[in-house]
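Breakdown of the fold
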Amino acid sequence: MIRPSIIVRDTRWKPSLRPYCKTIESVVSLVKASGELAVVLADDAFVQGLNRQYRGKDKPTNVLSFPNEDEPLGDVVLSYDTITREASEQGKDFRDHALHLLLHGILHLMGYDHEQTDDADKMEAQEVKLLKKLGITNPYL
């Protein structure tokens, strides 16, 4: 099992995912992968800076994944502000939406993608299957 490093850059995450370490570890335990994983719990400003620097997009986003060049997996960075806003707009539970996006980011590190329809279908099916194990309903309905 992967033991993720958890970096809290925005303390609003702690009560929202209480107990946040065990909650994150429960998502990570669903994937059959090895390697090093860092999960960064951040805000829009931090994520926007990364998105601008590494993707050339000067705006915040919900999740960013950065593969590790030397070992499998890498880093997943989540934005509290964007995830909160999206959950509210979509009528989703914040915790469920955040865990879905964490899983989404990890699957990107494992090679899943959603640029093509077939790839998106495979990634979404994997997400739905794994989220069900956490008691989270299909986020694509």
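Residues numbered from 1 in each chain as written. Predicted model: local features only at pLDDT ≥ 70, side-chain atom pairs only at ≥ 80, totals over all residues. Heavy atoms only, no water.

A closer look at the sheet that holds strand E2 (residues 36-42)
- Taken in spatial order, the 4 strands of this open sheet run E1-E2-E4-E3, and their pairing is mixed. Strands at the two margins of the open sheet, each flanked by one partner only, are strand E1 (5-8) and strand E3 (63-67). Strand-to-strand twist in this sheet, taken as the mean axis angle between neighbours without regard to direction, amounts to 15°.
- In the sheet, E2 pairs with strand E4 (residues 73-79) via 7 bridges, with the strands oriented parallel. Bridge pairing in E4 places alanine 38 opposite aspartate 75.
- Sitting on the sheet, helix H4 (residues 80-90) is in contact with E2 and E4, with an inclination near 60° to E4.
- Here helix H5 (residues 94-109) sits on the sheet and contacts E2, E3 and E4; the angle it forms with E4, its principal contact strand, is near 150°. (Pairing = 2+ DSSP bridges. Helix = DSSP H or I, 4+ residues; strand = E, 2+ residues; numbered from the N terminus. Axes fitted to C-alpha atoms, helices over the stretch in contact; angles between N-to-C directions. Contact = heavy atoms within 4.5 Å.)

Re the packing of aromatic side chains
- Scanning the entire structure with this criterion turns up 4 aromatic pairs.
- Pairing tryptophan 13 with tyrosine 80 gives two aromatic rings, centres 5.4 Å apart and planes at 80°, and the pair type is edge-to-face. Of the two residues, tryptophan 13 sits in helix H1 (residues 13-16) while tyrosine 80 sits in helix H4, which places them 67 residues apart along the sequence.
- Put simply, the rings of Trp13, Tyr80 and Phe94 touch in pairs and so form one group of aromatic residues. (Phe/Tyr/Trp six-rings, centres within 6.5 Å; stacked < 30°, edge-to-face > 60°.)

Details of the packing of H5 against helix H6 (residues 117-133)
- At a minimum axis distance of 10 Å, the contact between H5 and H6 shows a crossing angle of 130°. Between H5 and H6, the crossing angle belongs to the class labelled oblique. When you trace H5 past H6, the crossing you get is right-handed. Only Met123, Gln126, Glu127, Leu130 and Leu131 of H6 make contact with H5, whose side of the interface consists of Leu99, His100, Leu103, His104, Leu107 and His108. (Parallel < 35°, antiparallel > 145°, perpendicular 65-115°, else oblique. Left-handed = near helix turned anticlockwise from the far one by under 90°.)

With respect to unusual backbone geometry
- The omega angle of the peptide bond from arginine 18 to proline 19 is -15°, so this bond is cis rather than trans.
- Within the secondary structure, proline 19 sits in the loop between H1 and helix H2 (20-28).
- The residue leucine 73 is not glycine, and still its phi comes out positive at about 70°.
- Assignment of secondary structure puts leucine 73 in strand E4.

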